[in-house]
Amino acid sequence: MTRQERLDIGEKMFVGAFVTSVVIETLVTLFALTLIAKHHMSSPLVTTTLLGIVFVGCLLFLANWLYSGDLTAWKAAVGWGAFQLVLSVAVIIVFVVATARSGPGDTGSSGPTFPDYLGLPNLWLAVIKAVVYAAFVGALAWAPPVRDFLGLRRGEQIAEETAAVEVPMSGVAVPLTDEQAGAFASLSNWVAAAGWVLLVAGVLRLIAGFQEMGPKSVMPGIPGVLEGAVAVILGLLFFAPASALKLFQSRDMNHLLNVFKGFQSLYFKQLILLVVAVAAAALGIVAVFVKW
Amino acid sequence: MGAGPETTLEFNSTQDTIISGLASNMKLLAVALLLLAPLRLVYGAVDVAGHPVAGVLSLVEGAFTGLLGMVMLKAATDARYMVETKGYDKEHMMNWVESLTVFYRVLVGIGSVVLVVSAVRVLINL
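Residues numbered from 1 in each chain as written. Chains lettered and ligands numbered in written order. Predicted model: local features only at pLDDT ≥ 70, side-chain atom pairs only at ≥ 80, totals over all residues. Heavy atoms only, no water.

**What about the overall build of chain A?**
Along chain A, the regular secondary structure elements total 10 helices and 0 strands. Of the regular secondary structure in chain A, the N- to C-terminal order runs α-α-α-α-α-α-α-α-α-α. Counting the 292 residues in chain A, one finds 45% classified as buried. Looking at chain A alone, contacts between residues at least 24 apart form 78% of all its contacts between residues at least 6 apart. Within the structure as shown, chain A displays about 14200 Å² of accessible surface, and the carbon and sulfur contribution to it stands at 71%. (Helix = DSSP H or I, 4+ residues; strand = E, 2+ residues; numbered from the N terminus. Buried < 20%, exposed > 50% of the residue type's maximum accessible area, 1.4 Å probe, protein only. Contact = heavy atoms within 4.5 Å. Areas by Shrake-Rupley, 256 points an atom, 1.4 Å probe, with all protein chains shown as cover.)

**Regarding the overall build of chain B**
In terms of regular secondary structure, chain B is built from 3 helices and 0 strands. Traced from its N-terminal end to its C-terminal end, chain B shows the element sequence α-α-α. Counting only residues that meet the buried cut, chain B has 48% of its 126 residues in that class. Partitioning the intrachain contacts of chain B with sequence separation of at least 6 by distance along the chain shows that 70% fall at a separation of at least 24.

**As for the packing of aromatic side chains**
By convention here, two paired aromatic rings are described through the distance between centres and the angle between planes. All names here are of chain A. Summed over the entire model, instances satisfying the criterion amount to 18 aromatic pairs over all chains. On the basis of an interplanar angle of 85 degrees and a centroid distance of 5.1 Å, the ring pair of Phe18 and Phe136 is categorised as edge-to-face. With a gap of 118 residues between them, Phe18 in helix H1 (residues 3–38) and Phe136 in helix H5 (residues 123–142) connect regions that are remote in the sequence. (Phe/Tyr/Trp six-rings, centres within 6.5 Å; stacked < 30°, edge-to-face > 60°.)

**Quick notes on the interface of chain B and chain A**
Counting residues at the interface gives 54 residues for chain B and 49 residues for chain A. If you look at where chain B meets chain A, you find 2 salt bridges. For the salt bridge of Glu61 of chain B with Arg205 of chain A, the shortest nitrogen-to-oxygen distance reads 2.9 Å. Remark: the boundary between chain B and chain A carries 5 residue pairs in polar contact (both at pLDDT 80 or more). (Salt bridge = Lys/Arg side-chain N within 4 Å of Asp/Glu carboxyl O. Polar contact = N/O pair within 3.5 Å; in protein donor to acceptor, adjacent residues only side chain to side chain.)

**Some remarks on the confidence of the model for chain A**
All names here are of chain A. Of all residues in chain A, 87% attain a pLDDT of 70 or more, and the chain-wide mean is 82. Per-element confidence in chain A ranges from a low mean pLDDT of 82 for helix H10 (residues 253–289) to a high of 91 for helix H9 (residues 239–247). Confidence over residues 104–108 falls short of pLDDT 50; this stretch has 2 contacts with residues more than four positions distant or in other chains. (pLDDT = per-residue confidence, 0-100.)

**Notes on unusual backbone geometry**
Residues and elements named next belong to chain A. Phi at Arg251 is positive, roughly 60 degrees, even though this residue is not glycine. With respect to the element layout, Arg251 can be found in the loop between H9 and H10. Here Arg251 falls in the buried class, since its relative accessible area comes to 10%.

**Topic: the nonpolar core**
Nonpolar side chains in soluble globular proteins tend to be buried together. Within the largest apolar cluster, 63 residues are counted, with the highest numbers of intra-cluster contacts made by Phe260 and Phe263 of chain A together with Met93, Trp96 and Tyr104 of chain B. Among all residues touching Phe260 of chain A, those that are not within four sequence positions of it are Phe11, Ile18, Ile19, Leu22, Met82, Met93 and Trp96 of chain B. With 36 residues, the next largest nonpolar core counts Ala32, Trp74, Ala143 and Leu150 of chain A among its residues. (Core = buried A, V, L, I, M, F, W, Y, C linked by side-chain atoms within 4.5 Å.)

**A few points about a nonpolar patch on the surface**
All names here are of chain A. On the surface, Val15, Val19, Val23, Leu27 and Leu30 cluster together into a nonpolar patch covering about 420 Å² of accessible area. As for its position among the elements, Val15 is in helix H1. A relative accessible area of 38% places Val15 in the partly exposed class. (Patch = residues over 30% accessible without salt bridge, like charges linked within 9 Å, V, L, I, M, F, W, Y side chains within 5 Å.)

**Here we look at the packing of H1 of chain A against helix H6 (residues 144–153) of chain A**
To describe two helices that pack against each other, one gives the angle between their axes and the distance between the axes. Residue and element names in this part refer to chain A. Closest axis-to-axis distance for the H1/H6 pair is 7 Å, and the angle between their directions is 95 degrees. When the axes of H1 and H6 are compared, the pair comes out roughly perpendicular. Residue-level inspection shows Arg3, Arg6, Leu7, Ile9, Gly10, Glu11, Met13 and Phe14 of H1 in contact with H6, the latter providing Pro145, Val146, Asp148, Phe149, Leu150 and Leu152. Classifying every residue of the contact of H1 with H6 gives 9 nonpolar, 1 polar and 4 charged. (Axes fitted to C-alpha atoms, helices over the stretch in contact; angles between N-to-C directions. Parallel < 35°, antiparallel > 145°, perpendicular 65-115°, else oblique. Nonpolar A, V, L, I, M, F, W, Y, C, P; charged D, E, K, R; others polar.)

**A word on the confidence of the model for chain B**
All names here are of chain B. Per-residue confidence for chain B gives a mean pLDDT of 86; residues scoring 70 or more make up 93%. For the stretch residues 1–5, pLDDT sits under 50, and the model shows 11 contacts to residues farther than four places along the chain or on other chains. Across the predicted assembly, pTM comes out at 0.62 and ipTM at 0.89.

**Quick look at the pattern of salt bridges**
Applying the stated criterion across every chain, the model contains 8 salt bridges over all chains. A salt bridge links Glu227 of chain A to Arg40 of chain B; its shortest N-O distance comes to 2.5 Å. With Glu227 of chain A in helix H8 (residues 222–237) and Arg40 of chain B in helix H1 (residues 13–47), this residue pair bridges two chains. Members of the salt-bridge network, linked through shared partners, are Arg205 and Glu227 of chain A together with Arg40 and Glu61 of chain B.

**Digging into the environment of Ala45 of chain B**
Residue and element names in this part refer to chain B. As for its position among the elements, Ala45 is in helix H1. Judged by relative accessible area, which is 47%, Ala45 ranks as partly exposed. Taking the C-alpha atoms as reference points, Ala45 and Ser58, 13 residues apart in sequence, are found 8.1 Å from one another.

**Quick notes on the side chain of Gln270 of chain A**
Residue placement: Gln270 of chain A occurs in helix H10. Exposure remark for Gln270 of chain A: the relative accessible area of 4% places this residue in the buried category. With near-sequence residues (within four places) excluded, Gln270 of chain A lies in contact with Leu234 and Phe238 of chain A together with Leu29 and Phe103 of chain B.

**A few points about the environment of Asp78 of chain B**
Residues and elements named next belong to chain B. Relative to the assigned elements, Asp78 resides in helix H2 (residues 52–84). Placed 15 residues apart in sequence, Asp78 and Met93 show a C-alpha to C-alpha distance of 6.9 Å. Ignoring any residue separated from it by four or fewer positions in sequence, one finds Asp78 in contact with His92, Asn95, Trp96 and Ser99.

Shown next as structure tokens:
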């Protein structure tokens, strides 16, 4: 990818992150107002309107400030996204706990609740907002093209090529027969195939999990959603070592070391994801015994 | 490219450090998989009465997760041997590649089963 292509992508990602957040924030606010108005709750109506205006206003202000590439603006924008993410996750937890505490026939209190005042009267609104702000923070904090674009805006020199994309050859050949090199190629194909299978299976598991969440109880679907999310992320992570293995068709020592490093990084991340999977399995066992 | 010569391969100390880190991560992952396996088996066993399809799927996943853990443990040992032995690095590296190929083949197999069962569950619930 050339420098100009990276900068173009960075600008599109930057604009896309802010436009998406503003649009979703506006839609979530309007939808929340409709839901709250249906239940004739005046105080949440006021707070939701005010928060909606403040949130959208802050996003527009940050977008304008950050377009100059200012580092303080960047920190403020990432902090703002992280705050919104934490807020959405807190509301999701409140919904889950409230569902767990209420019995099957319990319709809950008719008065306004904490999520109503925050403009998130429905679990799905909180989930949508959490996903959007996670993507927002991810794009601003970690996407190299966005960092390059913002670096250029504040006057930094941007390298012609991203060094991390290319793994230089050492010139030292790994003495492999064609059959042994074929074994590496076969492993590459299996890793990529496993990535695709996990990706599709994870999406289906995620959908199945969401389907299991009833209007009164979301708990039965949580293990499936967690497992599905883990499978999707894991599937995506598999593509990096598969590419590293493909690169090793050169039989160069540096490319072999790149393979080892790729798998080392993958297994570390997989370990973290497995902890989530273990938690999901434990939660599933608890969910069978506890009447949510 | 023609068949390469059957010469030996010996990793230097810097390369050994990378492989050693890889072996450690693989071992930890194997332990985590071996911990997850019984949990999935228990989950499947308690869930099978209420949700037969999901319960049986969890039992199958539990069994395969255990198998994956054992294969990963073997691959971790192969990686460790690359560091600890002298003169057989290439043989151990090829054993490592073979173990990982088995690991990903099993993963594709169990992933395909989960994919089909999940697709059926999604379609039924539509």
